Each structure stands twice: as structure tokens, then as C-alpha cells.
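Examination of the molecular architecture
Chain by chain, the residues run as shown.
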Amino acid sequence: MKVETALSKVYQVVLDTNVLVAALRSRRGASYRLLTLIGDPRWRINLSVPLLLEYEDVLKRPDAGHLLSPEQVDDVLDFLCASASLRDIFYLWRPILSDPKDDFVLELAVESGCEYIVTFNMRDFAGAEKFGVTAIRPREFLRELGEIS
């Protein structure tokens, strides 16, 4: 859902881990472009402790596919924490999705009143629409923002 502000509506979104990984692997794709737009007043990312810990775990793996040091990964995570709406999750509906490891992402999206989960794994979030949340690819979300046509 969009949150009304004095000037316009702001999209509330959750970035799936695969989008963050893609953004740090290449500066050419939609994921990287989306990462550069964090802080843009048209949208806001939402974050929970479990999602932050997943980001950290995946990004600090030796085979993560990016060239960042662990300290640089910490800097990225600090930036995300400073930019995001931090949410506490007080309920669990597990299992809802086909991959139970993604349920906490959906729970965060619902708690945050998000309209979108930005992901490359569309199938993993089948059923999210029952909660008013749509799984959308980074390029499609950039289109929604009016960044690309």
C-alpha cells in the first residue's frame, strides 16, 4: 500500500535478499539502480532483525559473488538500517509460502503495510497477494516509480 504524505504517496517495500546480492554484484542492472534510489522520497524500504541477519549472512559468504570486504558489507548494512523503517514482528503465520524460509519476509511486508516485495523469486511469494502484497521484480518496480519506461 502507498502511505500518504503531505506531498505525495510513498511506496512501502521489502527488498528480498537476492535483490541486494544482485545490486552488489553488478552496477549495470535494475537492482543496483534501485539501491542507488534508497532514500528517494517516492519509496521506503522496511527492515526487520531477521531480514538484516539474512542479508549479513548471505553477503559475508565467501561465494557471495561481490568484491566487498566484510567491513564494506557492514557499511552497506549500516546504510540500510539508517535508511529503512525498522519493524518488529510480533506474530508468525508459518508456513504460508511454498518456501517456509521466505515467510518472515512476507510477515515483514504485512507488518509494514507494504504493497511490494521486490524479488527475483516470484514463485516463492505466490500467495502473498492474499495479504495485499505483490511480488515484483526490480525492473518492474523501477517502472512503477517512473524511473524507466
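In the block above lies the structure referred to throughout.
Calculation notes
- Residues numbered from 1 in each chain as written.
- Predicted model: local features only at pLDDT ≥ 70, side-chain atom pairs only at ≥ 80, totals over all residues.
- Heavy atoms only, no water.
- Helix = DSSP H or I, 4+ residues; strand = E, 2+ residues; numbered from the N terminus.
- Rg over C-alpha atoms; globule rule 2.2 N^0.38 Å.
- Buried < 20%, exposed > 50% of the residue type's maximum accessible area, 1.4 Å probe, protein only.
- Contact = heavy atoms within 4.5 Å.
- Salt bridge = Lys/Arg side-chain N within 4 Å of Asp/Glu carboxyl O.
- Pairing = 2+ DSSP bridges.
- Core = buried A, V, L, I, M, F, W, Y, C linked by side-chain atoms within 4.5 Å.

Looking only at helices and strands, the chain features six helices and six strands. Reading the helices (α) and strands (β) of the chain from amino to carboxyl end gives β-β-α-α-β-α-α-β-α-β-β-α. Relative to the globule expectation of 15 Å for 149 residues, the C-alpha radius of gyration of the chain, 15 Å, shows essentially globular dimensions. Its C-alpha atoms give the chain principal-axis dimensions of roughly 40 × 35 × 25 Å. Looking at the chain as a whole, 44% of its 149 residues are labelled buried. Relative to all contacts within the chain whose residues are 6 or more apart in sequence, the contacts with residues 24 or more apart total 61%.

A few words now on the pattern of salt bridges. In total, this model carries seven salt bridges according to the counting rule given. Of the charged contacts in the structure, one is a salt bridge between E147 and R33, with a shortest N-O distance of 2.4 Å. Residue E147 is located in the segment after α6 (138-145), and its partner R33 is located in helix α2 (residues 30-36); the two are separated by 114 residues in the primary sequence. Across the pair R42 and E147 runs a salt bridge whose closest N-O atoms are separated by 2.4 Å. Of this pair, R42 sits in the loop between α2 and β3 (43-47) while E147 sits in the segment after α6, and the two are 105 residues apart along the sequence. Classification of R42 as partly exposed rests on a relative accessible area of 25%. Within the structure, one salt-bridge network assembled from shared partners comprises R33, D40, R42 and E147.

When you tally the buried positions in β3, you get four out of five residues, the bulk of the element. Alignment of strand β2 (residues 9-15) against β3, held across three bridges, turns out to be parallel. Counted as the bridge partner of Q12 is R44 from β3. Two elements, β3 and strand β4 (residues 85-86), share two bridges in a ladder whose sense is parallel. Each bridged residue has a counterpart across the sheet, and for N46 the counterpart in β4 is S85.

Membership of the largest hydrophobic core comes to 44 residues, with the highest contact counts inside it found for L15, W43, L80 and F141. Once residues within four sequence positions are removed from consideration, L80 is found in contact with L20, L35, I38, I45, L47 and Y55.

With six of seven residues buried, β2 is to be regarded as a mostly interior element. Taken together, the three bridges between β2 and strand β5 (residues 116-118) define a ladder with parallel strand orientation. Residue V14 lies in a different strand from β5, and its bridge partner there is I117.

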